[in-house]
Amino acid sequence: MRPLRSRPRSEVLAAGILVIATAILVTQFLQATPTVVAGGERIGISSWQFSLGDAVVIAVGACAAGASATVLLSGAGSSAVATADTERSDPPAQQPDDASNELLQARRREWETTSERLASNEKLVYQTVLDADGVLPQSEIVDRTDLSKATVSRTLDSLGARDLVERKRRGMGNIVLLT
């Protein structure tokens, strides 16, 4: 069983600000003053009015809500990647022994043999992941190969259909693993 990870203080603070700002915005919009228009026999509400103070409170509340939501969303992506990196990395006390090095070398030879029979984009993407020891974020593949996101995605779909790679969701992106 995995231990629960505590949230950084900045994320807790941002969540609190988001809740408070949202409550203030809802309250301000519910307390708007209606403009009543009387024309002949008809009386109706034509619009809602806000005082200058209301407008300032709404603007500040919207900025606070937007900023705190941005902090939460950007923190979620980076903490997910950090969590994935820490889960994947081996503790220093558990360095690979000779048997695991031999297994890694055997897998590398197998992957290199496979890469020789692939098409150009497939070979480029596969070789990029191979050079990273068989594990690489999909965004890194895009950066290292200068291929578009769509081309890398289609190429990974093709390689995945052949059971050569596997994509695992990590945060807001994918990690690509050679199989």
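Residues numbered from 1 in each chain as written. Predicted model: local features only at pLDDT ≥ 70, side-chain atom pairs only at ≥ 80, totals over all residues. Heavy atoms only, no water.

(A) Region of the structure containing the pairing of strand β5 (residues 173–178). Within β5, 5 of the 6 residues are buried, which leaves it mostly tucked inside the rest of the structure. The sheet contact formed by strand β3 (residues 135–137) and β5 spans 3 bridges and is antiparallel. Of the residues in β5, the one forming a bridge with Leu136 is Val176. As judged from the 6 bridges shared by strand β4 (residues 165–170) and β5, these two strands associate in the antiparallel manner. Residue pairing across strands places Lys168 opposite Ile175, the latter belonging to β5. Hairpin connection between β4 and β5: a loop of 2 residues separates the two successive antiparallel strands, and Gly171 in this loop has a positive phi of roughly 65°. (Buried < 20%, exposed > 50% of the residue type's maximum accessible area, 1.4 Å probe, protein only. Helix = DSSP H or I, 4+ residues; strand = E, 2+ residues; numbered from the N terminus. Pairing = 2+ DSSP bridges.)

(B) View of the pattern of salt bridges. Tallied over the entire structure, the rule returns 4 salt bridges. The closest approach of N and O atoms between Arg162 and Glu122, which form a salt bridge, is 3.2 Å. Taken together, the residues span a long stretch of sequence, with Arg162 in the loop between α6 (149–161) and β4 and Glu122 in helix α4 (residues 120–131) at a distance of 40 residues. The class of Glu122 is buried, set by a relative accessible area of 9%. (Salt bridge = Lys/Arg side-chain N within 4 Å of Asp/Glu carboxyl O.)

(C) How the structure looks around the sheet that holds β5. Across the sheet, which stays open at both edges, the 3 strands sit in the order β3-β5-β4 with antiparallel pairing between neighbours. Two strands bound the open sheet, and with one partner strand each, they are β3 and β4. This sheet shows a mean twist of 25° between the axes of neighbouring strands, independent of strand direction. α4 rests against β3, β4 and β5 of the sheet, and its axis sits at about 85° to β5. Helix-sheet contacts for helix α5 (residues 138–145) involve β3, β4 and β5, and the interaxial angle to β3 is about 85°. (Axes fitted to C-alpha atoms, helices over the stretch in contact; angles between N-to-C directions. Contact = heavy atoms within 4.5 Å.)

(D) Structural view of the nonpolar core. Ranked by size, the top nonpolar core spans 18 residues in total, and within it Tyr126, Ile141, Leu156, Leu159, Val165 and Leu178 carry the most contacts. Looking at this core, the elements with two or more residues in it are α4, α5, α6 and β5. Here this core gets 4 residues from one element, more than from any other, and that element is α4. (Core = buried A, V, L, I, M, F, W, Y, C linked by side-chain atoms within 4.5 Å.)

(E) Highlighting a nonpolar patch on the surface. A cluster of nonpolar side chains, namely Ile20, Ile24 and Val57, defines an oily patch on the protein surface of about 240 Å² accessible area. Looking at the secondary structure, you find Ile20 in helix α1 (residues 9–30). For Ile20, a relative accessible area of 55% puts it in the exposed group. (Patch = residues over 30% accessible without salt bridge, like charges linked within 9 Å, V, L, I, M, F, W, Y side chains within 5 Å. Areas by Shrake-Rupley, 256 points an atom, 1.4 Å probe, with all protein chains shown as cover.)

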